[in-house]
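The lines below spell out each chain.
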Amino acid sequence: MNNIYDKLTTLDFIIVAVYLVALLVIGWVVSVKQSKKNETLFLAGNSLNWYSIGFNMWGTNVGPSSLLAFASIGYATGIVAGNFEWYAFVFLLLLAMVFAPRYIASKVSTMPEYMGKRYGDSTQNILAWYALVKILVSWLSLGLFSGGVLVRQILGIPMWQSVTVLVIFSGIFTFAGGLKAIAKVNVFQMILLIVVSLTLSYLGLQKLGGIDVLIAKTPSNFWNLVQPANDAHYPWPAILLGYPVAAVAFFCTDQSMVQSVLGAKNLEQGQLGVNFIGWLKVMALPLFILPGILCYALYPELGSNSDLAYMTMVTNLFPSGMNGLVICVMIAVLVGTIGSSLNALSTVFTNDIYVKKINPTATIKDQIKIGRLTIAAGCVFAILIAVAIDNIKGQNLFNIFQAVLGFLAPSLSVVFLLSVFWKRTTKKAVNATLSWGSAFSLFVGVLYLWIFPADKYPAWPHFLLISFYIFVVLLITAVIISLTDKNPEVNVSDETDIPKTSKKVKLLFGMLGLVILALYLVFNGN
């Protein structure tokens, strides 16, 4: 299990040590500069440009689970996981063109604050607590869990030890520098990730003998994005209907993802950053999925242990000296995801609960102190949940991540879509969906994942379809509550000053859309 550890040389350890020290120095330097400028940790002083936003969103999105899970799906089923990256174009477009202009015009720092401006304090309060739970579970805990699996594969140590080491380092970095430090480091880290993953794919193709040999050694359906409706893993109706529910919540309403856009210099830089992450997602096939498909062709003996695909490729293909870089990449994606999540957690708690409810006169120093205490508490809680997730049996990493997100997403998607697209939506409907609707959705999720697990009870529909069904139920319920509300309190925000989208942004999204369309046409020929 720990073959990679046995191959580490002195040079590898030196590379990792230098990398860790460099990260902490960057966090400390940014922290000192922020204190001189009297900035909080949260929105980077609204100083982020498009490439910082794009790399930071991508770094938040591409957690350790991407390295493991996309290679795992590539090994087991081929390129179908590309849907989760390329279909995302629709929802990145929705964020850039519909949601981002409203968020930036509202001058908010959190999603609960945005909804609070529209429907009042009670809505902000409910959404703040829901956002905290969502960040803790779907971001921190799952990101930590997948990072812990990586460390366990490398060092062969128990899960609780793996996640404790990882969260302490990520927490210290975020504690010191906040969003600006995370954004600065993610630019470098994501470039490193691209170089290492492309090198791994290149070495795999060289060893195998080229693309033609790879195609010959894999089933033809490995190269289809759209799978039949009776496919056991990813039937097309589940992806077409279920993925959008999670994607709207993930890309358009999630504090961890949207926070980079809120920290933009202006709307255009924010929109260009969202466009940039779309181009980065185009690279998912060579970076994350192809290593798994290559592993299937090179090392078919793995069988059902597809979660080991990425590390198997690394262990067998990278020469001594490069393994240190691989470990650096793993640290990079972990710090990107966990760091952004911890920062989002501290932002929501500090702004929406501490300043709003507990201490309205809090100074910048007070806010930073509370933000850092929140980070420390989040670290402890995330470790406990990550260890609990380790006890979910019968699901691969990616399915666990998507299933948990799928049960957290429906109420958020319903509330944000209705609040933007249907002005008749009432406060009572929004609050009921966020509270009772979320409780119902999470109850179904607990049944699916723990009490009546899908591997033992095959009567369950696909988890993405369950998410879609919950979304439909909550949407219809919210509409009925709004229409029957005898004292309707509707959206009170003024949207007359929403900034316009530039021609450059529209052109770039048009070009990206054509590339995504071409990918779907190319990879559905069999």
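None of these values were measured; they are calculated from a predicted model.

**A closer look at the overall build of the protein chain**
Alright, step 1. On a plain count of helices and strands, the protein chain comes out with 21 helices and zero strands.
Alright, step 2. In the protein chain, which comprises 526 residues, the share counted as buried stands at 62%.
Alright, step 3. Restricting to contacts in the protein chain with at least 6 residues of sequence separation, those with at least 24 account for 85%.
Alright, step 4. Total accessible area on the protein chain is roughly 20200 Å²; 68% of this is exposed by carbon and sulfur atoms.

**Points about helix α12 (residues 255-262)**
Alright, step 1. Burial within α12 is extensive, with eight of its eight residues counted as buried.
Alright, step 2. Where α12 is concerned, the buried positions are Gln 255, Ser 256, Met 257, Val 258, Gln 259, Ser 260, Val 261 and Leu 262.

**Some details on the environment of Gly 378**
Alright, step 1. As for its position among the elements, Gly 378 is in helix α17 (residues 364-389).
Alright, step 2. Assessed through its relative accessible area of 3%, Gly 378 is described here as buried.
Alright, step 3. Here the alpha-carbon distance between Gly 378 and Leu 136, two residues 242 residues apart in the chain, equals 6.9 Å.
Alright, step 4. Apart from the residues lying within four places of it in its own chain, the contact partners of Gly 378 are Leu 136, Leu 140, Leu 342 and Leu 345.

**Some remarks on the packing of aromatic side chains**
Alright, step 1. Summed over the entire model, instances satisfying the criterion amount to 21 aromatic pairs.
Alright, step 2. Aromatic pair Tyr 103 and Tyr 114: ring centres 4.8 Å apart, planes at 85°, arrangement edge-to-face. On the criterion of sequence distance, the pair formed by Tyr 103 in helix α6 (residues 89-106) and Tyr 114 in helix α7 (residues 111-119) is long-range, its members being 11 residues apart. Neither residue differs from the other here; Tyr 103 and Tyr 114 are each classed as buried.
Alright, step 3. With 4.8 Å between their ring centres and 85° between their planes, Phe 250 and Phe 251 make a pair best called edge-to-face. Accessibility assignment for this pair places Phe 250 and Phe 251 in one class, buried.
Alright, step 4. Counting every residue linked through ring pairs, the aromatic cluster contains Phe 84, Tyr 87, Phe 91, Tyr 234 and Tyr 243.

**A closer look at the pattern of salt bridges**
Alright, step 1. Counted according to the given criterion, the structure contains five salt bridges.
Alright, step 2. Across the pair Glu 85 and Lys 281 runs a salt bridge whose closest N-O atoms are separated by 2.9 Å. Taken together, the residues Glu 85 in helix α5 (residues 83-86) and Lys 281 in helix α13 (residues 267-282) connect sequence positions 196 residues apart. Side by side, Glu 85 and Lys 281 carry an identical accessibility label, which is buried.

**Points about the environment of Trp 279**
Alright, step 1. Of note, Trp 279 is situated in helix α13.
Alright, step 2. Accessibility expressed as a relative area gives 27% for Trp 279, which makes it partly exposed.
Alright, step 3. In this structure the C-alpha to C-alpha distance between Trp 279 and Val 515, which are 236 residues apart in sequence, comes to 9.1 Å.

**Focus on the packing of α6 against helix α21 (residues 503-522)**
Two numbers describe a pair of packed helices, the interaxial angle and the distance between the axes.
Alright, step 1. Close contact between α6 and α21 brings their axes to 11 Å; oriented N to C, the two are set at 170°. Of the possible angle classes, the one that applies to α6 and α21 is roughly antiparallel. Across the interface between the two elements, Phe 89, Leu 92, Leu 93, Ala 96 and Met 97 of α6 pack against Val 505, Lys 506, Phe 509, Leu 512, Gly 513 and Ile 516 of α21.
Alright, step 2. For the contact of α6 with α21, the per-class residue count stands at nine nonpolar, one polar and one charged.

**A word on a nonpolar patch on the surface**
Alright, step 1. A cluster of nonpolar residues, Val 446, Trp 450, Ile 451, Phe 452 and Tyr 457, forms a patch on the protein surface that exposes about 470 Å² of accessible area.
Alright, step 2. Inspection of the secondary structure puts Val 446 in helix α19 (residues 427-451).

**What about empty space enclosed by the protein?**
Alright, step 1. For the structure shown, the criterion picks out three cavities of 30 Å³ or more.
Alright, step 2. Taken as a whole, the second largest cavity holds about 90 Å³ of empty space.
Alright, step 3. Along its surface, the second largest cavity is lined by Met 111, Pro 112, Leu 127, Tyr 130, Ala 131, Lys 134, Ile 135, Thr 253, Asp 254, Gln 255, Leu 412 and Phe 416.
Alright, step 4. Those elements giving two or more residues to the lining of the second largest cavity turn out to be α7, α8 (121-155) and α18 (397-421).
Alright, step 5. With five residues, the single largest contributor to the lining of the second largest cavity is α8.
Alright, step 6. Here the residues of the lining of the second largest cavity sort into eight nonpolar, two polar and two charged.

**Here we look at the confidence of the model for the protein chain**
A low pLDDT score tells you not to read the predicted coordinates there in detail.
Alright, step 1. Mean pLDDT over the protein chain: 82, with 87% of residues reaching 70 or higher.
Alright, step 2. The secondary-structure element of the protein chain with the lowest mean pLDDT is helix α1 (residues 3-7), recorded at 67, while α21 shows the highest, at 96.
Alright, step 3. pLDDT under 50 marks residues 38-45. Its contacts with residues more than four places away, or in other chains, come to 37 contacts.

**Considerations on unusual backbone geometry**
Alright, step 1. Even without being glycine, Lys 107 reaches a positive phi, approximately 55°.
Alright, step 2. Structurally, Lys 107 can be placed in the loop between α6 and α7.

**What about the side chain of Gln 269?**
Alright, step 1. Within the fold, Gln 269 resides in helix α13.
Alright, step 2. Classification of Gln 269 by relative accessible area gives buried; the value is 15%.
Alright, step 3. The contact partners of Gln 269, leaving out residues within four places of it in the chain, are Leu 48, Asn 49, Trp 50, Ile 53 and Ala 264.

**Things to note about helix α15 (residues 309-317)**
Alright, step 1. In terms of burial, α15 is largely enclosed, as eight of its nine residues are buried.
Alright, step 2. For α15, the complete set of buried residues consists of Ala 309, Tyr 310, Met 311, Thr 312, Met 313, Val 314, Thr 315 and Leu 317.

**Quick notes on the packing of helix α11 (residues 236-253) against α12**
Alright, step 1. At a closest axis distance of 6 Å, the pairing of α11 and α12 adopts a crossing angle of 35°. Contacts between α11 and α12 involve Phe 250, Phe 251, Cys 252 and Thr 253 from the former and Gln 255, Met 257 and Val 258 from the latter.
Alright, step 2. Looking at the contact of α11 with α12 residue by residue, the class counts come to five nonpolar, two polar and no charged.

Basis of the calculations
Residues numbered from 1 in each chain as written. Predicted model: local features only at pLDDT ≥ 70, side-chain atom pairs only at ≥ 80, totals over all residues. Heavy atoms only, no water. Helix = DSSP H or I, 4+ residues; strand = E, 2+ residues; numbered from the N terminus. Buried < 20%, exposed > 50% of the residue type's maximum accessible area, 1.4 Å probe, protein only. Contact = heavy atoms within 4.5 Å. Areas by Shrake-Rupley, 256 points an atom, 1.4 Å probe, with all protein chains shown as cover. Phe/Tyr/Trp six-rings, centres within 6.5 Å; stacked < 30°, edge-to-face > 60°. Salt bridge = Lys/Arg side-chain N within 4 Å of Asp/Glu carboxyl O. Axes fitted to C-alpha atoms, helices over the stretch in contact; angles between N-to-C directions. Parallel < 35°, antiparallel > 145°, perpendicular 65-115°, else oblique. Nonpolar A, V, L, I, M, F, W, Y, C, P; charged D, E, K, R; others polar. Patch = residues over 30% accessible without salt bridge, like charges linked within 9 Å, V, L, I, M, F, W, Y side chains within 5 Å. 1 Å grid on protein atoms, 1.4 Å probe; cavity = no way out; pocket = protein on both sides within 12 Å on 5 of 7 lines; lining within 4 Å. Points joined across faces, edges and corners; volume = space filled by probe spheres on them. pLDDT = per-residue confidence, 0-100.

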